[in-house]
Amino acid sequence: MIAAHLAKLRFRHPLSSEEEAAIRAIVPPGKRVARNSTIVHEGELLEASTLLLEGVMCRFKDLADGKRQITQIHIAGDFVDLHGFTLKRLEHDVMTVTDCVVALVPHEHIRQLIEQWPRLGRLYWFSTNLDASMNREWELSLGQRSAAGRLAALFCELQVRLQVVGVESARFNLGMSQSQLADSLGMTPVHVNRTLRLLREQRLLNYQRGEAQIVDLEGLKSLAGFDERYLYLDPDPL
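The rules behind the values
- Residues numbered from 1 in each chain as written.
- Predicted model: local features only at pLDDT ≥ 70, side-chain atom pairs only at ≥ 80, totals over all residues.
- Heavy atoms only, no water.
- Axes fitted to C-alpha atoms, helices over the stretch in contact; angles between N-to-C directions.
- Helix = DSSP H or I, 4+ residues; strand = E, 2+ residues; numbered from the N terminus.
- Left-handed = near helix turned anticlockwise from the far one by under 90°.
- Contact = heavy atoms within 4.5 Å.
- Nonpolar A, V, L, I, M, F, W, Y, C, P; charged D, E, K, R; others polar.
- Pairing = 2+ DSSP bridges.
- Domains from an automatic or database assignment.
- Buried area = accessible area lost by both parts, 1.4 Å probe.
- Salt bridge = Lys/Arg side-chain N within 4 Å of Asp/Glu carboxyl O.
- Polar contact = N/O pair within 3.5 Å; in protein donor to acceptor, adjacent residues only side chain to side chain.

### Overview of the packing of helix 1 (residues 3–12) against helix 2 (residues 17–26)
The contact between helix 1 and helix 2 brings their axes to 11 Å, and the two run at 145°. Relative to helix 2, helix 1 is oriented so that their crossing is right-handed. Contacts between helix 1 and helix 2 involve His 5, Leu 6, Leu 9 and Arg 10 from the first element and Glu 20, Ile 23 and Arg 24 from the second. Of the residues contributing to the contact of helix 1 with helix 2, the split by class is three nonpolar, one polar and three charged.

### Considerations on the sheet that holds strand 3 (residues 48–54)
One key point about sheets: their strands pair by backbone hydrogen bonds, in either a parallel or an antiparallel sense. Strand order in the open sheet formed by three strands is 1-7-3, with antiparallel pairing between adjacent strands. One side of each edge strand has no neighbouring strand; the edge strands of this open sheet are strand 1 (31–33) and strand 3. Each neighbouring strand pair of the sheet contributes to a mean axis angle of 45°, computed without reference to strand direction.

### Topic: the domain arrangement of the protein chain
One can read the domain layout of the protein chain as domain 1 (3–135) and domain 2 (137–231). Of note, the centres of domain 1 and domain 2, computed from C-alpha atoms alone, are 23 Å apart. Each side of the interface is counted separately: domain 1 has 25 residues, and domain 2 has 22 residues. Taken over both partners, the interface formed by domain 1 and domain 2 buries close to 2,000 Å², and the fraction arising from carbon and sulfur atoms is 58%. It is Ile 73, Ile 75 and Met 134 in domain 1 that bury the most area against domain 2; as a group they hold 31% of the surface buried on that side. Linking domain 1 with domain 2 are one salt bridge, by the criterion used here. The salt bridge involving Asp 78 is made with Arg 161; its shortest N-O contact spans 2.9 Å. Our enumeration of links across domain 1 and domain 2 arrives at 15 residue pairs in polar contact (both at pLDDT 80 or more).

Structure below.
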């Protein structure tokens, strides 16, 4: 069940059969978690990191008044909180968006892996740097892109990330409500609804009941000013 994770690693860096076996050895059997379940709480001591095997998850932060900002969306293959290996406590929460299957990889197993396989340590270091690069792109969207540009950029990114793990279809189930999209994009649900309608009328994107259909990928990229270089699809060898 870790095929998506291995595909994500192999897309950017080749893996030997021995390296792949070492990764498989540290990942325990997956467990099912219901949608809208918080699986990592802000401030709690962490002894394992979450590998998402199936479904969609997100990171988020709440204000005292109940306002929420979703800071990242995760798809199958992502090590959702690998940074928790060094931080030990997170300043945000992690929750499932859809029904998910996750594997909780003990930090002790991660430590042994990167000590025995230093190159794999560099690959996982790369993955946390990649997360930081995506967060900076999200900051750009929140601060400078129009509402339509934010939505377009989000779905362009997700489409590329899904292709990396082998999902080639222009239609995919994100499972997010319009309220959750609003929490991701710094918009109100009403504004998200209007903007989705605009993208549908322009024959760029359809989004209904959590399912996205990209109708015109190049048109979405143009609207967003999308530049995939921040996703480091062709990095230098490690």
